[in-house]
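Here are the chains, one letter per residue:
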Amino acid sequence: MSGAPDLFLRRIVIVGGGSAGWMTAAALSSLLDPKQVRITLVESEAIGTIGVGEATIPDILNFNRLLGIPEAEFMRAAQATFKLGIEFVDWKKQGRSYFHPFGQHGVDMQGIDFHQYWLFSHAHGNPARIQDYSLCAQAASRNRFALPDPNPDSVMSHIRYAYHLDATRYAQFLRVYAGKRGVKRIGEKVDLVNLDGESGFIKSVRLENGTAVHGDMFFDCTGFRALLIEKALGVGFHDWSHWLPCDSAQAVATEHSGPLLPYTVAAAKSAGWQWRIPTQTRTGNGYIYASDLMSDKDATDNLLAGLDGPTITDPGQLRFRTGCRKTFWYKNCVAIGLSAGFLEPLESTSIFLIQEGISKFISLFPNADFPPVVTEEYNRQLGLKFEQVRDFIILHYKATERDDSAFWNYCRNMAIPDRLTHKIELFREAGRVFRYEDELFSTSSWVAVMLGQGITPKTCDPIVSTLPRRQVDSSLISMRRAVTRAAETLPTHAQFIQKYCPAAA
Amino acid sequence: MDKPVKDILICGGGLAAWITAAALSRALPDEVSLTVLDIPDTDKFDMLYGTVTAPAAYGFFLEIGLSEPDLLRLTHTAFSFGTHYMQWGSPSRSWVQCHHLPFPARDNVPFVHYFTGRTDARLEDFLVSAQAGLRGVFAHPPEQARIPLSRAEYGYLFSPIELCNALKSVVSSRNITVKAHEIRCVRTNETGIFGIETADEKNLQADLFIDCSGPDAKLLTALNTAFTPEREVRASWQCLPSAPPWPPLRNVHGSDRGWTAGTSVRGQKITFQISDTDSEHHKSGRNILFGKREKAWVGNCVATGHAASVIDPVSPAPMMLLQRDVERLLGLIPLSEDMTVEAREYNRRFESDFEHANLFNQALYAIDDAPDTPFWQQAQSRGDKLRRKISQFENRGIPVAFDMESFNEEDWSILHFGMGRKIKNRNFFAELADTRDIDSNLAKLKQSIAQTVLKMPPHHVYISKLIAYLERKNVGRA
Ligand SMILES: Cc1cc2nc3c(=O)[nH]c(=O)nc-3n(C[C@H](O)[C@H](O)[C@H](O)COP(=O)(O)OP(=O)(O)OC[C@H]3O[C@@H](n4cnc5c(N)ncnc54)[C@H](O)[C@@H]3O)c2cc1C
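Residues numbered from 1 in each chain as written. Chains lettered and ligands numbered in written order. Predicted model: local features only at pLDDT ≥ 70, side-chain atom pairs only at ≥ 80, totals over all residues. Heavy atoms only, no water.

1. A look at the overall build of chain B
Each helix and strand counted, chain B has 15 helices and 19 strands in total. A compact globule built from 478 residues should have a C-alpha radius of gyration of about 23 Å, and chain B, at 23 Å, falls within 12% of that. The principal-axis extents of the C-alpha atoms in chain B amount to approximately 75 × 55 × 50 Å. For chain B, the residues scored as buried account for 59% of the 478 residues in total. When contacts within chain B are restricted to residue pairs at least 6 apart in sequence, those whose partners lie at least 24 apart make up 77%. With the model as given, the accessible surface of chain B reaches about 19200 Å², and the carbon-plus-sulfur share is 49%. One finds the centroid of the 53 positive side-chain charges in chain B at a distance of 6 Å from the centroid of its 58 negative side-chain charges. (Helix = DSSP H or I, 4+ residues; strand = E, 2+ residues; numbered from the N terminus. Rg over C-alpha atoms; globule rule 2.2 N^0.38 Å. Buried < 20%, exposed > 50% of the residue type's maximum accessible area, 1.4 Å probe, protein only. Contact = heavy atoms within 4.5 Å. Areas by Shrake-Rupley, 256 points an atom, 1.4 Å probe, with all protein chains shown as cover. Lys, Arg positive; Asp, Glu negative; His and termini not counted. Charge placed at Lys NZ, Arg CZ, Asp CG, Glu CD.)

Here it is, written out as structure tokens:
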């Protein structure tokens, strides 16, 4: 064989134009020269996109930065608002809520996690909640927002944020971006996938109009349909519904009412939970439930009863299965987005997992001979990511005191993955959190959710108790004061958006 | 309510015992009483901790109360930019396994790809710590990111015996009871240890026993914890006075029968030799078993250092693992008699720390044309993880990392290139980059490193001046 360049991928085909498809197209087009590599995206208006998916986590900032997208421009286009965290209502038990903020609680001191100091002081009568030491939580509870201060000495440097956005508009925005960088879009339905008889690789996809689109490399971004990876290539699925039993959603948009919240609300319900996510022009609402424990009709009624403004769309129903692909990259096809897996939207991780799929692909960018060492490594890394996120989400269901419905009784008593059991036991002993390296959720996140869900450590780390109590108390008081003062001086979320990135009316 | 942990007994008198004592005495509340049972002669294998540390030692020593000025004034420790492997498995294989911050990336292309295939130069030509090491010069890496030297990292060259003594003197001012006796017998029951009888017929009790008794692991052995041997070697060592210059590198020379390491601390040269166990040609040595205990924490007894594992000192792995043992223990100090949760987490991480440090050592011996001698053949061992590391690197130059590895991505890249492994397929984006641009950037980088190194003082001169300064300002313990 001759020199390496002949092995280059020359034609990349992306099937699907939801967030997954357009994020993939945009990222690849930002790096590849269209003269060297041709990228084509096929999407079908007849099928359409899933159209939900509005909350994100801070990693999306990296993605946009990598693409060189100016924030305000993107926010105007996607009608986006800011998100400082999630308020969990009624999860531990009815009538109780907690806040899972982005960023840290307080400040770690002397190499010891902040929450250990808090546990110590709390055990000695300090009534403040751990979220009172988080700037994001404090700003959120006041409906206030400002961008972080780049100066690391400033309290305001502790702000971490993500967005609430209109996923359809975000995809449209990326479509324009990718179009400018040479991505060719075809609006047709794929009706057949042609495989090479010998190698089993995908040779081309046939469109309804009879033409074929050939490629060296295919991305399956067809959503739950998984047209390439499953229907054509037969790759199986790890079903995790015994851990994450919800399988249905009803979604509806409403008019705003009340102040513009800079956070997501996730309220636990009798057979699932309900989200509320404000974009600039509407509020997205959805009810997620287990269909064998609640009828669709009851779910719709429950959803409509739990709204705080008039609806502007009709409720739409979705079915899904929680779990992920056994192999994400098989032959010359990579599944990204819902075709790769879905862990339900409780911690807004879907867009993040799309990003991971893209960035791991880019770092492993293959030649056209697809050496197995490349695909194996990709599959190993993505599998780990899905499992780590999965365990964090399961924690919310498992650690609960609720016993008011069959749903919660099931969750409270279900068996969970061993690794999660160990994490919970370690935390219960002395508030210790051991993160695996590269894990998405930080120590602060684990702590917020463990405490919020009612896992109370028996005691704090003995090493913290060597410190004089007065000294610990006074550091905590001054931290809390600084955080509160900073939060109080911020503009409201609505004011900030109005100045920074108002969407066209 | 369970009985709280109030009494901790550290059993052992070598480096592991005193490092553990230093760390615990700093961290624990006053209500917990700490006793060291200083068993005579447990330090006789301390030389197996090697004579080098990785850069992480700086922060660790500081945390246990031994600052760099203390270390320099209490011992003859010198600085280390890494290890120079020479004639490694073949007469022509030599490289500097230096310590370095992440390599620069350009236009989304990781440095290793950027440089692969563009030049005949070796990776170490572009690494300031390797170049400085080879020239025998040293200076502390500055903070300013623009200066090439800021990319260097350093560890220490040290004598384990001296380090142990320094820690003893540091700890002596703290609230610790020390008893010096042999152990006569370890009394156990189904939950663990309930007493240690010493040669003077005292029965020592504690809530937590820490086994620092060296490779014999007197406590864990009494609890029937098996040792999983990996291989046996013969080792010997000696210290001789030596005059400057002292290179800021440890030298490791390979030979058909094993290897010899030379470490110059200030005024002394420590020579350490390892071979196969055929005593005919290596009479003076002792036989050593590398391997680990199946568990490092059993019941109310936890082991640190050699009592938990003995690992080949061919790299800084032994000190890395000792540090990990102590940090792991600090993070898991048990609160009460029931220690099952802590023990499980400790053992889980012990297992993976050992495995991952050992991977690096195994990679050093993974040579296809290794000499056909007992030493090199016995050292061959390639599990799944190592195969993945090597094949990912060779095929695509991709770094494979596992959870919480002690050796970082740069260590691995330097190792692969040093051993002569090549990247078959460069990163796609490297292929697209403008080759003239790459060549001129590389030439500039190489030149700026060469110029930096020319301006640095000889290692021994730098250290002498530094110590004179510390003495004058009275910084650090003497
Ligand atoms: C109830 C629910 C709530 C969610 N909430 C969030 C959230 O808060 N935050 C978050 O990050 N994510 C959320 N998600 C996930 C999010 O919706 C998806 O991750 C994201 O929209 C990506 O979807 P996708 O692009 O993979 O699939 P889709 O949006 O379904 O897109 C599939 C694309 O494939 C095309 N297609 C399919 N078949 C064919 C064919 N035969 N020929 C041509 N084209 C075809 C379609 O036209 C479409 O363009 C949620 C998901 C659900 C189900």
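2. Here we look at the overall build of chain A
Check the secondary structure of chain A and you find 15 helices and 21 strands. Expected size for 505 residues packed as a compact globule is a radius of gyration near 23 Å; at 24 Å, chain A falls within 12% of this value. Referenced to the eigenvectors of the C-alpha coordinate spread, the extents of chain A come out at roughly 75 × 50 × 50 Å. When the 505 residues of chain A are sorted by exposure, 59% land in the buried category. For chain A, the share of sequence-separated contacts (at least 6 apart) that also reach a separation of at least 24 residues comes to 76%. When the 53 basic and 53 acidic side-chain charges of chain A are each reduced to a single mean position, those positions are 3 Å apart.

3. A look at the sheet that holds strand S17 (residues 316–319) of chain A
Backbone-to-backbone hydrogen bonds pair the strands of a sheet. The strands run either parallel or antiparallel. Residue and element names in this part refer to chain A. Read from one edge to the other, the open sheet built from seven strands follows the order S5-S4-S14-S15-S16-S13-S17, with strand pairing classed as mixed. The open sheet has two edge strands with one neighbour each: strand S5 (97–101) and S17. Sheet twist, expressed as the average angle between the axes of neighbouring strands with direction ignored, equals 20°. Contacting strand S13 (248–254), strand S15 (272–278), strand S16 (283–289) and S17, helix H8 (residues 296–305) runs over the sheet at an angle of about 145° to S16. (Pairing = 2+ DSSP bridges. Axes fitted to C-alpha atoms, helices over the stretch in contact; angles between N-to-C directions.)

4. A word on the sheet that holds strand S11 (residues 217–220) of chain A
Residues and elements named next belong to chain A. In space, the six strands of this open sheet follow the order S7-S2-S1-S11-S20-S19, with mixed pairing throughout. Looking along the sheet, the strands with just one partner apiece sit at the ends: strand S7 (184–187) and strand S19 (329–330). Pairing geometry for S11 and strand S20 (residues 333–335), over three bridges, is parallel. Within S20, the residue paired with Phe218 across the bridge is Cys333. Against the sheet, helix H1 (residues 19–31) contacts strand S1 (11–15), strand S2 (38–43), S7 and S11, and its axis sits at roughly 170° relative to S2.

5. Notes on the packing of aromatic side chains
Within this structure, the stated rule accounts for 63 aromatic pairs over all chains. Between Phe111 of chain B and Phe126 of chain B, the ring centres sit 5.7 Å apart and the planes meet at 65°, which makes this aromatic pair edge-to-face. Of this pair, Phe111 of chain B sits in helix H4 (residues 111–115) while Phe126 of chain B sits in the loop between H4 and helix H5 (128–135), and the two are 15 residues apart along the sequence. Feature note: the residues Phe74, Phe82, Phe145, Tyr161, Tyr163, Tyr170, Phe173, Phe496 and Tyr500 of chain A constitute an aromatic cluster, connected by ring pairs. Its guanidinium or amino end placed over the ring of Phe45 of chain B, Arg286 of chain B lies 5.4 Å from that ring's centre, counting from NZ or CZ. (Phe/Tyr/Trp six-rings, centres within 6.5 Å; stacked < 30°, edge-to-face > 60°. Lys NZ or Arg CZ within 6 Å of the ring centre and 35° of its normal.)

6. Let's talk about unusual backbone geometry
Omega for the bond connecting Pro244 of chain B with Pro245 of chain B falls within 30 degrees of zero, at 0°, which places this linkage in the cis form. The topology assignment puts Pro245 of chain B in the loop between strand S12 (227–241) and strand S13 (249–255). Phi is positive for Ala226 of chain A, close to 45°, though the residue is something other than glycine. Topologically, Ala226 of chain A is positioned in the loop between S11 and helix H7 (227–232). Although it is not a glycine, Asn224 of chain B adopts a positive phi angle of roughly 60°.

7. Things to note about the interface of chain B and chain A
It is common to report an interface's size as the accessible area lost on association of the parts. Taken together, the contact between chain B and chain A spans 32 residues of the former and 34 residues of the latter. Summing both partners gives a buried area of about 3100 Å² for chain B against chain A, and 61% of it is carried by carbon and sulfur. Remark: the boundary between chain B and chain A carries two salt bridges. A salt bridge links Glu342 of chain B to Arg432 of chain A, with the shortest nitrogen-to-oxygen separation between them at 3.8 Å. (Buried area = accessible area lost by both parts, 1.4 Å probe. Salt bridge = Lys/Arg side-chain N within 4 Å of Asp/Glu carboxyl O.)

8. Structural notes on the nonpolar core
Counting 339 residues, the largest nonpolar core has Tyr397 of chain A together with Phe61 and Trp88 of chain B as its most contacted members. Looking at which domains feed residues into this core, each of domain 1 (11–80 + 166–239 + 325–388) and domain 2 (103–160 + 417–494) of chain A gives three or more. Excluding its chain neighbours within four sequence positions, the residues that come into contact with Phe61 of chain B are Ile19, Leu66, Leu71, Tyr156, Leu163 and Met319 of chain B. (Core = buried A, V, L, I, M, F, W, Y, C linked by side-chain atoms within 4.5 Å. Domains from an automatic or database assignment.)

9. Details of the state of the cysteines
The final tally for this structure, using the stated rule, is zero disulfides over all chains. Take Cys333 of chain A: it sits in no disulfide, and the sulfur closest to it among the cysteines is that of Cys221 of chain A, at 8.8 Å. You can see Cys239 of chain B has no disulfide; the closest cysteine sulfur is in Cys164 of chain B, sitting 14 Å from it. (Disulfide = S-S within 2.5 Å.)

10. Digging into the site of the ligand
Residues and elements named next belong to chain A. With respect to spatial proximity, 34 residues lie near the ligand, and among them Gly17, Val52, Ala55, Val190 and Leu338 are the closest. Interatomic distance of 3.2 Å between a side-chain N/O atom of Ser19 and an oxygen atom of the ligand. Within the contact set of the ligand, an oxygen atom lies 2.9 Å away from a backbone nitrogen or oxygen of Ser44. Taking 1000 Å² as the accessible area of the ligand by itself, protein coverage stands at 97%. Breaking the shell around the ligand down by element, the ones donating at least two residues are H1 and helix H9 (350–363). (Near = heavy atom within 4 Å. Polar contact = N/O pair within 3.5 Å; in protein donor to acceptor, adjacent residues only side chain to side chain.)

11. Side note on the pattern of salt bridges
Residue and element names in this part refer to chain A. If you walk through the whole model with that rule in mind, you get 53 salt bridges over all chains. Salt-bridge contacts for Asp191 lead to Arg206; the nearest nitrogen and oxygen are separated by 3.1 Å. Separated by 15 residues along the polypeptide, Asp191 in strand S8 (residues 190–195) and Arg206 in strand S9 (residues 202–207) bring together distant segments of the chain. Classification of Asp191 by relative accessible area gives partly exposed; the value is 37%.

12. Topic: the pairing of S5 of chain A
All names here are of chain A. Among the five residues that make up S5, four are buried, leaving the element largely enclosed by the rest of the structure. Here strand S4 (residues 85–89) pairs with S5 via five bridges, running antiparallel. Among the inter-strand pairings, Phe88 is bridged to a residue of S5, identified as Tyr98.

13. Some remarks on the domain arrangement of chain A
All names here are of chain A. Segmenting chain A into domains produces domain 1 (11–80 + 166–239 + 325–388) and domain 2 (103–160 + 417–494). Contact with domain 1, which involves nine residues of that partner, is made by nine residues of domain 2. For the pair domain 1 and domain 2, the two sides together bury roughly 710 Å², of which 60% comes from carbon and sulfur. The three residues of domain 1 that bury the most area against domain 2 are Glu347, Lys385 and Gln388, which together make up 51% of that side's buried surface. The tally of links from domain 1 across to domain 2 stands at one salt bridge. Arg419 is paired through a salt bridge with Glu387; the nearest N and O atoms lie 3.1 Å apart. Along the contact surface separating domain 1 from domain 2 lie one residue pair in polar contact (both at pLDDT 80 or more). Broken down by element, the residue count for the side of domain 1 that touches domain 2 peaks at three residues, all from helix H10 (residues 372–398).

14. So, the environment of Gln317 of chain A
Residues and elements named next belong to chain A. Topologically, Gln317 is positioned in strand S17. By relative accessible area, Gln317 is classed as partly exposed at 41%. Along the chain, Gln317 and Ala167 lie 150 residues apart, while their C-alpha atoms are 17 Å from each other. The residues touching Gln317, leaving out its near neighbours within four places in the chain, are Ala249, Gln250, Tyr289 and Asp296. A distance of 3.1 Å separates a polar atom in the side chain of Gln317 from a polar atom in the side chain of Gln250. Among the polar contacts listed, one links the side chain of Gln317 to the side chain of Asp296, at a separation of 3.2 Å.

15. With respect to the packing of helix H1 (residues 15–27) of chain B against helix H8 (residues 317–331) of chain B
The geometry of a pair of packed helices is captured by two quantities: the angle between their axes and the separation between those axes. Residues and elements named next belong to chain B. Contact geometry for H1 and H8: axes closest at 10 Å, N-to-C directions at 35°. Between H1 and H8 lies a crossing whose hand is right-handed. Residues Leu15, Ala16, Ile19, Thr20, Ala23, Leu24 and Ala27 of H1 form the contact with H8, whose participating residues are Met319, Leu322, Val326, Leu329 and Leu330. Of the residues that constitute the contact of H1 with H8, the class distribution is eleven nonpolar, one polar and no charged. (Left-handed = near helix turned anticlockwise from the far one by under 90°. Nonpolar A, V, L, I, M, F, W, Y, C, P; charged D, E, K, R; others polar.)

16. Considerations on the side chain of Thr263 of chain B
Residue and element names in this part refer to chain B. Secondary-structure assignment places Thr263 in strand S14 (residues 258–265). A distance of 2.6 Å separates polar atoms of two side chains, one belonging to Thr263 and the other to Thr51. When neighbours within four sequence positions are excluded, Thr263 is seen to be in contact with Thr51, Leu157, Arg250, Gln268, Lys269 and Ile270.

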